[in-house]
Structure formats: structure tokens, C-alpha cells
Amino acid sequence: MIDAALFSSALGALTPILFAALAGALCQRAGVFNISLEGTMLVGAFAGVAGSWYTGSVWLGVLTAVLAGTAYSVILAVAHVSLGGDAIVLGVAINLLAVGLTSFLIRTVFGTRGTFSDPALRGLESVHIPGIADIPFVGEVLSGHSVLVYASWLAVVLLAVLLYRHPWGLRLRGIGERPEAAASLGVSVTRYRYGVILAGGALCGLAGAQLALGNVTLFSENMTAGRGWIAVVAVMLGRALPYGVLAAAVLFGLAEAFGFRLQGIGLPQQATDAAPYVVTLLALFVSSARIRRSRTREST
Amino acid sequence: MRTVGVTLLAALVLGAVLLAATGANPLDAYWAIVTGAFGPDGIQDTLAYAVPVVGMAVALAIPLRAGMVNLGGEGQLVLGAISAIAVGLHTSGVLGIVAALVAGTLAGALYAAVAAVCETRLGVPLLVTTLLLSYPAMSLAAYLVRFPMRDAGSSLPQSEQLPPDVRLPAMGTGVTVGLFLIVAAVAVYAVVDARTPAGFETRVTGWGPRFAQYAGIDRPALTVRLLACSGGLAGLVGAVVVLGFPYRFIDGALITPQYTWIGLLAALLAAANPLGTLVAAVFFAALTSGGFAMERATQVPRELTAVLQAVLIIFLAAATGLLRKRRSPA
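Residues numbered from 1 in each chain as written. Chains lettered and ligands numbered in written order. Predicted model: local features only at pLDDT ≥ 70, side-chain atom pairs only at ≥ 80, totals over all residues.

**Q** Would you mind going over the interface of chain B and chain A with me for this structure?
**A** The partner chain A presents 39 residues to the 35 residues of chain B that form the contact. Of all the elements in the fold, those that place two or more residues in the side of chain B that touches chain A are α6 (126-144), α11 (259-269) and α13 (303-327) of chain B. At 15 residues, the largest contribution of residues to the side of chain B that touches chain A is made by α13(B). Residue classes in the side of chain B that touches chain A are distributed as 26 nonpolar, 6 polar and 3 charged. (Contact = placed C-beta atoms within 7 Å. Helix = DSSP H or I, 4+ residues; strand = E, 2+ residues; numbered from the N terminus. Nonpolar A, V, L, I, M, F, W, Y, C, P; charged D, E, K, R; others polar.)

**Q** What exactly am I supposed to notice about the confidence of the model for chain B here?
**A** Close inspection of predicted coordinates is inappropriate for parts of the model with low pLDDT. When pLDDT is averaged along chain B, the result is 91; 99% of the residues meet or exceed 70. Here the predicted complex carries an ipTM of 0.87, next to a pTM of 0.90. (pLDDT = per-residue confidence, 0-100.)

**Q** Hey, could you run me through helix α12 (residues 274-298) of chain B in this one?
**A** At 3.6 residues per turn, the α-helix brings residues three or four places apart onto the same side. With 25 residues, α12(B) ought to run about 36 Å at 1.5 Å a step, and its terminal C-alpha atoms sit 35 Å apart, in line with that. Directly beyond the C-terminal end of α12(B), a positive phi value near 65° is found at B:Gln299. (Expected span 1.5 Å × (residues − 1).)

**Q** Looking at this structure, I do not really get the environment of A:Ala10. What am I missing?
**A** All names here are of chain A. Relative to the assigned elements, Ala10 resides in helix α1 (residues 4-29). Separated by 131 residues in the primary sequence, Ala10 and Val141 have C-alpha atoms spaced 9.3 Å apart. Ala10 has contacts with Gly253, Leu254 and Ala257, leaving out every residue within four places of it along the chain.

**Q** Explain the nonpolar core here, please?
**A** Of all hydrophobic cores here, the largest spans 219 residues; its most connected members are A:Ala21, A:Ala93, A:Ala234, B:Val53, B:Leu265 and B:Ile314. The biggest single contributor to this core is helix α3 (residues 42-64) of chain B, with 15 residues. With residues up to four places along the chain from it excluded, the contact list for B:Ile314 reads A:Ile75, A:Ala79, A:Leu90, A:Ala93, A:Ile94 and A:Leu97. (Core = buried A, V, L, I, M, F, W, Y, C linked by C-beta atoms within 7 Å. Buried ≥ 20, exposed ≤ 12 C-beta atoms within 10 Å, placed from the backbone.)

**Q** In this structure, what is going on with unusual backbone geometry? I would like to understand it.
**A** Trans peptide bonds make up the majority, and among non-glycine residues the majority have a negative phi. Residue and element names in this part refer to chain B. In this model, Phe245 is joined to Pro246 through a cis peptide bond whose omega is 0°. In this fold, Pro246 is placed in the loop between α10 (219-242) and α11. Positioned with a positive phi, Tyr247 is a non-glycine residue whose angle comes to about 60°. By the element assignment, Tyr247 lies in the loop between α10 and α11. On the basis of neighbour count, Tyr247 is assigned to the partly exposed category, with 18 C-beta atoms found within 10 Å. Even without being glycine, Gln258 reaches a positive phi, approximately 60°. Its location among the elements puts Gln258 in the loop between α10 and α11. Look at Gln258 and you get buried, because 22 C-beta atoms sit within 10 Å.

**Q** Teacher, can you tell me more about helix α1 (residues 2-21) of chain B here?
**A** Residue and element names in this part refer to chain B. The terminal C-alpha atoms of α1 lie 29 Å apart, and with 20 residues this matches the ideal 28 Å at 1.5 Å per residue to within 8%. Of all the residues in α1, the buried ones are Thr7, Ala11, Gly15, Leu18 and Leu19. Considered in projection along α1, the buried side chains sweep an arc of 120° and stay on one side of the axis. For α1, the exposed residues lying more than 90 degrees away from the buried face are Arg2, Gly5, Leu9, Val13, Val17 and Ala20. The inward-facing, buried residues of α1 contact α2 (26-38) and α13. Remark: Gly23 follows α1 within two positions and exhibits a positive phi of approximately 90°. (Arc of directions from axis to C-beta.)

**Q** Would you mind showing me how to read the packing of helix α4 (residues 73-88) of chain B against α11(B) here?
**A** The description of two helices packed together rests on the angle between their axes and the distance between the axes. Residues and elements named next belong to chain B. Remark: α4 packs on α11, axes separated minimally by 9 Å, with the N-to-C direction vectors making an angle of 130°. When the interaxial angle is binned, α4 and α11 end up oblique. α11 is crossed by α4, and the crossing has right-handed handedness. Contact with α4, carried on its side by Gly73, Glu74 and Leu77, involves Tyr259, Thr260, Gly263 and Leu264 of α11 and no other residues of that element. When grouped by side-chain class, the residues that make up the contact of α4 with α11 number 3 nonpolar, 3 polar and 1 charged. (Axes fitted to C-alpha atoms, helices over the stretch in contact; angles between N-to-C directions. Parallel < 35°, antiparallel > 145°, perpendicular 65-115°, else oblique. Left-handed = near helix turned anticlockwise from the far one by under 90°.)

Put into C-alpha cells, the structure is as follows:
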């Protein structure tokens, strides 16, 4: 029931969510509520598949995904930061635009409907880490994933260092907490918010690439299937802290992998499909109850 | 109003560029959308599609009027539909129809109220609770029509067909008298919004939550009430849809057409104003059903209309933001 393969599949499942949640956390820290992660990830997934297909190189595919995610997030940056449009309205519209646009493009570019896959389409190969791969259990869990899985762990550390050990991070957090104060100290709020949204777009592009070229090797309409929304929740659950977000993503990945495993003992697929959302909601209850309890303790 | 006109024009120009890029004549394509949506053949399709979209738009507009976003419309819609089927399969006659509609409404209302209580009592934001609760509801319905409620004579994940006397009378292909129920819901919303204390409290909360609190409005109670109304209407929409052709619950049939998200866009576009929401929802429904005609006439994928809708909202959100910025230079 609980073995190395379970944890290994959880790692694959959580990577797209982790990338997107890091994007969300970065934006949150600069005071941008970004709910367009789902759509940006979908655009990244499409661009990754298209890039890999036309160039024949999966690396150029990943690069295309990153560039497409970044370019797509310009919409939010311009409309929200420069023009002052509502982030929630824009987020919902950007997500729907991504569904429409990729469904439109899959028909005009690939000439098919629903799903595009081809034996010639290159996906990400799994990496066997010498030394670790041979350790029983640990090797089975940690080795044999796509490069992007390891990159996502690196991204967690990078974000933590950036936020807490670099002047940029200090200014970024200042903008998130008191934009007026940061602006009065000469920090360009606009420039930093553009930066986090575009960097978030790149991260969502990586999320899409892992989804469409790592976990599977195909693109299908609406294949993100709510992962971007789970990332939004993971940001909330992890309080936009890099390691907190990682923990939330791990929780979700484990719930998904464990639910998949429960199907093996006869639980219907629909029950296990719902499990990650229920687990996430319960975790939110617990974490918000703890915060309120500590608040009441402070006030008394 | 002028802003809407200008952004609509901008979205149409962008759509024309996209159309030209695929090699189609933009004017022909737009003409095909208009004739397809409102021509003698298309108007039925438009109406059939408009009923759930308008219903969901108003359902989501109700809490939006107070600045609360219900992202769980899909779950409430599906739960209402499956409950209506469950009741409808075991009843008969007009009473059965009424019971099925009531069951759908209650199921949606209760489920949305649970999400509201999660915010007011447990402190998890409404945006998140509604969204997260949506997925288990869809999974539950998917499970029910695959196992306990499955149509034994079919290999598809769908429920059995409702008996002939527990169906909403049809008024043409795809349109039932459920249309009047939805129109009535819009009318009730418009009257409550404009003429009653409850509507006023809701709008005041939308203008400024802190001011509303100062004025003595009980926000938790309002949240639960608004969400119950919102979910109830979403559930009713689900019931109305399944009590029409093909008179059964088919897994995914309420999700794939994007009723909920298009409805939410319409409500957002109109800032939850009752008449505006109705107009925007009908406009989006016409655009979508016109898209099928455009695809037949020009071979341009109909998904283009979904792109147009989203682009329109993005432009409008940006334009409203810009106007607000100009008025109050921060």
C-alpha cells in the first residue's frame, strides 16, 4: 500500500502544482493576487508540446513553454499593474482565454480536436542520479524523474534565498506589505510587480511543460484540470512562504497519489478524485483555526 | 455604457485580426455569427443555450453584488441536476416535476450555504471554499451515474431517463417552459435588488464592506443568505436542464459547455447589475451559438468565440481600471 512507488508518483504529480504555487507565492509577496495560474499553465503546456513537435527537441519545447508563459502573463501585468484592472476579474478571464485559445490553436495548428499526441513527439526523459539511484527506497523515490522535478526543488530554495537573503526580496516584501511606504523609499512598485508577474509566467510555463512533456507526452484540451486553482489554494495554505508552499504541494501530491493507489483496492475513481480537494480543505480549516487561536491568545 | 461600446469594438477588431490570420474573411465570419445566432434556425439554439447561461449568470451575480465571488457554481449546478433526477425518477406527474425542481434548488442552496459557513465560522475565504467544494460535488455526481443511478441499458455514464410525465413541457427544440422559471428568477432578482431592504444591504456591502459593518449589517448572516440564494438558483438551473431533453443526467454535460464560467464572466462584465447581467449573458450565449454557424460557414474553429468573450472581459476590466485611476489619481 505505502511503498517507494507511491512517493515517487506523488513527486511527479506535485511538480506542476509546485511550480505554479511558487509563481503565486512570488506574486502574493509583492501584493498581486494572481489567480491566472491555471490558464498560464495551460498555455505553457500547449506551447511546450508545439515547441517540442516543431523543433524535434524537447529542450526547445521547454524553452517555448517558458517564453509563452512569460508572454501570456504580460496580459495580467499590463491590465492589472499599469491599467489598474481588477485582479480577480482579469484572472477568471485570462483562464477562460487560455482554454479558448488553446482549443482554437489545437485545431488550427495541429488540425485535431481534443487531444494531440504523436509517437514522434519528444517528452522529457527521466534522469537517473548516479549514487542515489542505487540506494534502496530512497533511490526509487528520488531518482528517475524529469529534470524539471529537480528544478522545482531548486526553485523553492532559490525563492527562499531571494525573498530573505537578497535586497530584491526585502524590497519585494516591502511592496507587498506597504506599497506606499516602499514607493516613498524610491522602490518602483510597478517595476517589481511586472517582474513577479512575468517571473510567475515563466514558472507556470515550466509547470505546463512538466505536465505535458514530463508526466505525459501529449496536449489535451483543458489538461490542467484545476491544478492552477489548487496552486492558488496551496499559496494560501502555505502562507506564501517558499517552504510552506512546498509542504502544501507535497500534501496535495500525496493525497493524489494515495487516492490513485486506493483505486487498486476497489475504491471508485470518483471518490479518490475528490480526495485531494477534501484534504486541502481540511488542512485549511486546521491552519486557519490555529491562526485564530494564536490571535485570541495575543489579544487576551 | 460608452466604455462597453469601445471595448466591444476593440475586441471585435482583435477577433478580425485572428480571423484574417486563419485565412477567413472577418466580415463574412461575423455575419455568419449574427445570422447563425438570431436567424430562424439559430434562435432556438441561442435560447436553449441562453437559459442555463443566464441562470448561472444571475446565480453568481447575487453574491457578486455584495463583492463576494462564488467560484463553486459548477458543483452547485451539478448537485442540483443530480438531485432533481434522483427525485424525478421516483415520482410522477406535475407534483413530481415540482418536487424535482425543489430538490435541485435545495441541494444547490444547502451546498453553497456550507461553503459560506466555512468562511463565516471556520475563517477560510469564500473564494476558496466554494471552489474546493465544487470538485467533490462533481465527483459525487460522476460516481452516482456510473454506479447506483446508472442507466443499465447503456454503456455511457448517464442516469436513466425520466418518466414522460416528469418532464418540463417543450416549447421547440431544446427549449422548455423552464425558460419562464429562469426569466422569473431574473425578475425577482431585479426587484429585490432595486426595491427591498435586503437588496439595499447587499449593494451597500458591495460598495464598502467596512461601511456596511459600521451601518450594522450582519455580514456573516448576509454571506450565508446570499450564498444560499446563489447556490439555490444554480441548483434550479441544473434541475431545469435535466428536466429538458434528453431528460437524464449525462456525466460532464453540464460542465463541458462552460455554462458556469461564461455566466460568471457575464455577471462580472455587468458588475452584477440585474439587467446588465441578463443582457451580457444573452449576448455571450448568442456569440457561442453563432460560433457553430460561423464554423459551418467559414471553417474557422468555433472556439474563436470563446476567445472573443475572454478578450472582451480583459479589455473591459482594464478600461474600468484606467477610468478609476484617472478619476482618483493615487
